[in-house]
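# Structural features, examined
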Amino acid sequence: MVLFFLVIGLTFTILFDLYISSTRFYAIFSAFLRLLCIIIALVYRSIYDNYDRKEEQKNTKIKRGKFWTQFKNIFLIIGTLMQSSTIYYLLSSKEQLSIYKWVLLTLFQMSMPLFTYLWIKRIEKEDLSYLQNIWFEIFAEKQDSNTDVFVPLYTGRLLSSVAFKEAWPEFKQNLIMFVIVNFSQGFLGGFRIGVFAICVSRLNMRLKTKLFQSYLKQEIGFFDTHESGKLLSRLNQDTQVMSSIVANNIAQCAGALVKFVGTLIMMIKLSYHLTIACLIGAPLILIVAKISGTAHRRVSEKVQTLSAEASEICEETIQTIRTVRSFGNEDGELKNFISILRQAYKISLIQAAISAGQKWFVELCQLGMSVVMLSYGAKLVRDNKVAGPDLLAFVIYQLTLGAILSDISQIYTSMMSAAGASEAVFDYLDRKPKTLVGNNLQPDEFQGEIEFQQVSLNYPARPNEIALDNISFKIASGQICAFVGPSGSGKSTCINLLERFYDPGMGKILIDGHEIADFEHKYLHKKIAMVSQEPVLFNRSIRENIAYALDDEVNKELLTAEIIDAAKFANAHTFITELVDGYDTQCGQRGGHLSGGQKQRLCISRAIIRKPTILLLDEATSSLDPVNERLIQDALFENKKEKRTIIISAHRLSTIEKCDKIFVIHKGRLVEQGTHDELLLINNGVYQELVRRQKMDLNENEKEIE
Ligand SMILES: Nc1ncnc2c1ncn2[C@@H]1O[C@H](COP(=O)(O)OP(=O)(O)OP(=O)(O)O)[C@@H](O)[C@H]1O
């Protein structure tokens, strides 16, 4: 891809310089364009270098190729000097340019695409490769602008041939030039629009991919503190705003700047007196653009934040629609939604007022510029200082310049809006996960021996509350153990740590003597499977849900047999085959088309099919009827074929009586451990109390039934 840009850049350079450029003026103009582009590249680079430095200060571990970075900076500076010297040479040399000098100059000027190539390479290294689309767009826009600049000149000349008798002999020649420049403008304009449409879609796709990729890399704590609705709004809306505004405007801005410079050169060539007269209002337009741009940035930031909040309410309400309906609170949710949209609307009114005010002011300045230029121009024509046809061409240039200035001011304003919208997106894109996904340890043997060494944890969402306090225990390979304790005591937290959803604040978690963080991410999750408290299924078929994340290359027939075995293990096969579509039945969003118990059984099948060495069951059978629960328990306890370490977190103590070891957790601390019989012997122990209470509840229930 990068080579493609390089080839395009070089081809344009050679074509334009060797064959199309025949005048010294065009050569100067062409070199000037390159200079401009290199300067833009330099500015970008310095911004990213600065960003690098900040990153380095934040994270000293990041080592970057400093030498190479500086080397490329020097390249860009040399490029700038080369282009400047080309312009100087062309301006100062009086003699006709010979062909070998043209070749030399062209080689000289080829530095531009070469430097661009280096710059693009650099961007790719920084993982910001989507910016190359913008760069390509600048290329396309630049070519278009080149011919744009000549349109008023030949329009002016053609009109003068019609209007002034003395210009009649040149009518034919002017008509041909008029057709050529207008045709090229139209052709290149179409080309530009096509390229632009591709660029926007590609930029959008890449931005979304990068952002989604960045979300997927984040630690679970990030999702505890960032609502999904807001994250989705950033992913869908903000990236869209960014890609269309940024791609569109950077391209237009480059084009407008090129046109501005080109038009200005042509105007100066026609009459520098008139040029000075008509530029009086320009600085005012640019100052107003700057002021309103800053205002737009702030406003747009607020609007995007509010729209993310609205999206969060919408998403949450849809997700929890059954609860909302059961409490009859549809109006309440709608009210919240409307109130946020109203706030956004009020802020948009400010945005509209700023845009309108800016437009009025710019139009007024343009009018002033026209009046000054026309009055002064008429005087110059009367004094024979400017020829009539030149004044006509100048008027067209002046109108073009006014439109360009107006464009630049609007581009700046909307760029600022995009900057406001993009702030949060870039924050997420640049965010480094606090927990690294994993290292590279992938031992051939994985026994499943677990050890907690003085482990403590505070959840990121509640940094001041201790969830686990100095917990130490050891589970031998192949043992079946249980975590018990009152609700909120920390059982699921221990399981979350074994899944590496969080890293302990203090202490170590070892598996087979290695720290859990040392294992490679995919390897670890092949060896450890979990069935969580809330059974979550994907909106796919039962078959796909059970085989979720298994390697694609697994033989299909084998896979079907394994899926059925796994379903049988979890006692799910019977209910699946009773469904009309059997294993192809769709589960609905989050498994909403199935009952709680059915979902749990599918989740168990999904874990079992992976043949994990460590199986974590967090209240995995809580929604099942006693018969089904007993069948699954038996399958777990009696499966001697595979050596598997199993950890069960359960409230129904009858289900864990047979466990090799029971860990009693209370208020985040490990208070007792042993077998069921050993724990019952601890007088006034927590376990003894839990068993006593459950027995009482059972007796009362039995009495009620009687
Ligand atoms: N993601 C989280 N962010 C903040 N605090 C959390 C989070 N998850 C759990 N907690 C808190 O940590 C403590 C332990 O929770 P945990 O889920 O481990 O309890 P548990 O013993 O599994 O309870 P239960 O039997 O009800 O499932 C509780 O006080 C809970 O409020």
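Residues numbered from 1 in each chain as written. Predicted model: local features only at pLDDT ≥ 70, side-chain atom pairs only at ≥ 80, totals over all residues.

Here the focus is the overall build of the protein. When you go through the protein residue by residue, the secondary structure sums to 24 helices and 10 strands. Across the 706 residues of the protein, 36% fall into the buried class. Within the protein, contacts between residues at least 6 apart in sequence are counted, and of these 81% link residues at least 24 apart. (Helix = DSSP H or I, 4+ residues; strand = E, 2+ residues; numbered from the N terminus. Buried ≥ 20, exposed ≤ 12 C-beta atoms within 10 Å, placed from the backbone. Contact = placed C-beta atoms within 7 Å.)

Owing to its 3.6 residues per turn, the α-helix brings residues three or four apart onto one side. With 43 residues, helix 15 (residues 388-430) extends 59 Å from end C-alpha to end C-alpha; this agrees with the ideal 63 Å at 1.5 Å per step. The largest bend in helix 15 is about 40 degrees, located at S422. (Expected span 1.5 Å × (residues − 1). Bend = angle between axes of the 7 residues up to and from the residue.)

By definition, the strands of a sheet pair up through backbone hydrogen bonds, in either a parallel or an antiparallel sense. Taken in spatial order, the six strands make up an open sheet running 6-7-8-3-9-10, and their pairing is mixed. Unpaired on one side and paired on the other, strand 6 (528-531) and strand 10 (669-674) mark the two borders of the sheet. When the angles between neighbouring strand axes are averaged without regard to direction, this sheet yields 15 degrees. This element, helix 21 (residues 596-608), spans strand 6 and strand 7 (614-618) of the sheet and lies at about 180 degrees to strand 6. (Pairing = 2+ DSSP bridges. Axes fitted to C-alpha atoms, helices over the stretch in contact; angles between N-to-C directions.)

Take the environment of S406 next. Summarising the element assignment, S406 is placed in helix 15. Each C-alpha atom of the pair S406 and A256 lies 9.9 Å from the other, and the pair is 150 residues apart in sequence. Here S406 is in contact with V362 and Q366, once residues within four sequence places are set aside.

This brings us to the confidence of the model for the protein. As a note on interpretation, predicted positions should not be read in detail where pLDDT is low. Mean pLDDT for the protein: 75, with 68% of residues reaching 70 or above. Below a pLDDT of 50 lies the segment residues 18-22, which in the model reaches seven contacts outside its immediate sequence neighbourhood of four places, other chains included. Note that residues 59-65 has pLDDT below 50 and, in this model, five contacts with residues that lie over four places away or in other chains. Reported for the predicted complex are a pTM of 0.63 and an ipTM of 0.96. (pLDDT = per-residue confidence, 0-100.)

Attention now moves to the site of the ligand. Neighbouring the ligand are 14 residues, the closest being Y459, S487, K491, S492 and T493. Of the residues in the shell around the ligand, the class split is three nonpolar, eight polar and three charged. (Near = placed C-beta within 6 Å. Nonpolar A, V, L, I, M, F, W, Y, C, P; charged D, E, K, R; others polar.)

Let us look at the packing of helix 14 (residues 330-382) against helix 15. Packing of helix 14 against helix 15 leaves a shortest axis separation of 10 Å and a crossing angle of 165 degrees. By the criterion of interaxial angle, the relationship of helix 14 to helix 15 is roughly antiparallel. Relative to helix 15, the crossing made by helix 14 is right-handed. Together, Q358, V362, Q366, M369, S370, M373, G377 and V381 of helix 14 and G388, L391, F394, Q398, G402, S406, S409 and T413 of helix 15 make up the contact between the two elements. Of the residues assigned to the contact of helix 14 with helix 15, the class counts are six nonpolar, 10 polar and no charged. (Parallel < 35°, antiparallel > 145°, perpendicular 65-115°, else oblique. Left-handed = near helix turned anticlockwise from the far one by under 90°.)

Taken across its eight residues, helix 16 (residues 491-498) has six buried, putting it largely inside the fold. Along helix 16, the positions that sit buried rather than exposed are K491, T493, C494, I495, N496 and L497. Just downstream of helix 16 lies R500, where phi reads positive at about 60 degrees.

Taken together, four strands build an open sheet; the order of strands is 2-1-4-5 and the sheet is antiparallel. In this open sheet, the two strands that pair with only one neighbour each are strand 2 (468-475) and strand 5 (514-515). In the sheet, strand 4 (residues 506-511) pairs with strand 5 via two bridges, with the strands oriented antiparallel. What sits directly across from I511, in strand 5, is H514.

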